[in-house]
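For reference, the chains in residue letters:
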Amino acid sequence: DAGVIQSPRHEVTEMGQEVTLRCKPISGHDYLFWYRQTMMRGLELLIYFNNNVPIDDSGMPEDRFSAKMPNASFSTLKIQPSEPRDSAVYFCASSLGSWRNTEAFFGQGTRLTVV
Amino acid sequence: DAKTTQPNSMESNEEEPVHLPCNHSTISGTDYIHWYRQLPSQGPEYVIHGLTSNVNNRMASLAIAEDRKSSTLILHRATLRDAAVYYCILLANAGGTSYGKLTFGQGTILTVHP
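The sections below set out a description of the structure shown in this document.

**Considering the pairing of strand β7 (residues 70–75) of chain B**
All names here are of chain B. Pairing of strand β2 (residues 18–23) with β7 involves six bridges; the strand directions are antiparallel. Considered in β7, the bridge of Leu20 is made with Leu73. Strand direction decides the pairing type here: strand β6 (residues 61–64) and β7, joined by four bridges, are antiparallel. Residue Leu62 lies in a different strand from β7, and its bridge partner there is Leu73. Between β6 and β7, which pair antiparallel in sequence order, lie five residues; one of them, Arg68, sits at a positive phi of approximately 65°.

**Structural notes on the state of the cysteines**
On inspection of all chains with the given rule, the structure shows two disulfides over all chains. In this model Cys23(A) forms its disulfide with Cys92(A); the gap between the sulfur atoms is 1.8 Å. In this structure, the disulfide formed by Cys23(A) and Cys92(A) twists by about -70° around the S-S bond and is classed as left-handed. Pair noted here: Cys23(A) is in strand β3 (residues 19–24) and Cys92(A) is in strand β9 (residues 88–95), with a separation of 69 residues, a long-range link. Each member of the pair, Cys23(A) as well as Cys92(A), is classed as buried. Here Cys22(B) is linked by a disulfide to Cys88(B), with a sulfur-sulfur distance of 2.1 Å.

**Topic: the pairing of β6(B)**
All names here are of chain B. Where strand β5 (residues 55–56) meets β6, two bridges bridge the pair, whose relative direction is antiparallel. Following the sheet pairing, Asn56 is matched in β6 by Ser61. Linking β5 to β6, which pair antiparallel, is a turn of four residues.

**Some words on the environment of Ala65(B)**
One can find Ala65(B) in the loop between β6 and β7. For Ala65(B) and Ser53(B), which are twelve residues apart along the polypeptide, the C-alpha to C-alpha distance reads 8.7 Å.

**Observations concerning the pattern of salt bridges**
Residue and element names in this part refer to chain A. Tallying each qualifying case throughout the model produces eleven salt bridges over all chains. With a shortest N-O distance of 3.2 Å, Glu44 and Arg36 are connected by a salt bridge. On the basis of relative accessibility, which here comes to 15%, the residue Glu44 falls in the buried class. Residue class for Arg36 comes out buried when judged on its relative accessible area of 9%. One continuous salt-bridge network, built from bridges that share partners, spans Glu62, Arg64, Glu83, Arg85 and Asp86.

**Side note on the packing of aromatic side chains**
Taken as a whole and judged by the stated rule, the model has ten aromatic pairs over all chains. On the basis of an interplanar angle of 20° and a centroid distance of 6.4 Å, the ring pair of Tyr31(A) and Tyr48(A) is categorised as stacked. In this pair, Tyr31(A) is assigned in strand β4 (residues 31–38) and Tyr48(A) in strand β5 (residues 42–50), connecting sequence segments 17 residues apart. Each member of the pair, Tyr31(A) as well as Tyr48(A), carries the same accessibility label: buried. Ring centres of Phe106(A) and Phe104(B) lie 6.0 Å apart, and the angle between their planes is 80°; this geometry places the pair in the edge-to-face category. You can see Phe106(A) sitting in strand β10 (residues 105–106) and its partner Phe104(B) sitting in the loop between β8 (84–91) and β9 (108–113), one on each of two chains. Note on accessibility: Phe106(A) and Phe104(B) belong to one class, buried.

**Remarks on the sheet that holds strand β1 (residues 5–7) of chain A**
Residues and elements named next belong to chain A. Within the open sheet, the four strands sit side by side as β1-β3-β8-β7. Their pairing is antiparallel. Looking at which strands have only one partner, the edges of the open sheet turn out to be β1 and β7 (65–71). The average undirected angle you get between the axes of adjacent strands in this sheet is 15°. As judged from the five bridges shared by β7 and strand β8 (residues 74–79), these two strands associate in the antiparallel manner. Looking across to β8, one finds that Asn71 is bridged to Phe74.

**A word on the environment of Thr103(B)**
Residue and element names in this part refer to chain B. Within the secondary structure layout, Thr103 lies in the loop between β8 and β9. With relative accessibility at 44%, the residue Thr103 sits in the partly exposed group. Sequence separation between Thr103 and Leu90 is 13 residues; the distance between their C-alpha atoms is 7.8 Å.

Rules behind the numbers
- Residues numbered from 1 in each chain as written.
- Chains lettered and ligands numbered in written order.
- Predicted model: local features only at pLDDT ≥ 70, side-chain atom pairs only at ≥ 80, totals over all residues.
- Heavy atoms only, no water.
- Pairing = 2+ DSSP bridges.
- Helix = DSSP H or I, 4+ residues; strand = E, 2+ residues; numbered from the N terminus.
- Disulfide = S-S within 2.5 Å.
- Buried < 20%, exposed > 50% of the residue type's maximum accessible area, 1.4 Å probe, protein only.
- Salt bridge = Lys/Arg side-chain N within 4 Å of Asp/Glu carboxyl O.
- Phe/Tyr/Trp six-rings, centres within 6.5 Å; stacked < 30°, edge-to-face > 60°.
- Axes fitted to C-alpha atoms, helices over the stretch in contact; angles between N-to-C directions.

So this is what it looks like as structure tokens:
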């Protein structure tokens, strides 16, 4: 398996534009996670899914952020409208079973810059 | 949620052992202890995890205190490639609202000198 695949790797957009980040989890994994990383706040869990169903979205910063998982092999994180403070590296991760007793695999991340 | 406390930074010399401590005094009885690391410009990667007993794998060893209020990640022979941020994380028990929620703290920045 190629691991968790995120696209794009880099995104530069203007304030106010819609941004969509994409993630393909490892085949067979039933948990999917979205994280955001900044120097100031470190790694923050935004939302996670189990069997395509959102379990906890308490980390989503505000209504401008939304995440979907239409099927087991694809998820999106959308920001609309984007703001400069959304600039960060966004990571997607997947795991099999649960976090408790299995390892999670992270993608390479998408570096988002909002100007 | 149970929290962890780690030193902000540590330094080591190449080929020497490194002991990275983590305090988790409010750990619940069935919380798992996980360690991840993040190399520069990469996503985090799993290192090791345990519940009560000490654990070994090809990357590291995990020593868990008898009362489970602390643990230590041991890198037996540090290499330059081990320079990373190391995160100690508690995974909540099933059934609670935090089940499955992997929350990262600030971690320990490990510097390895040649």
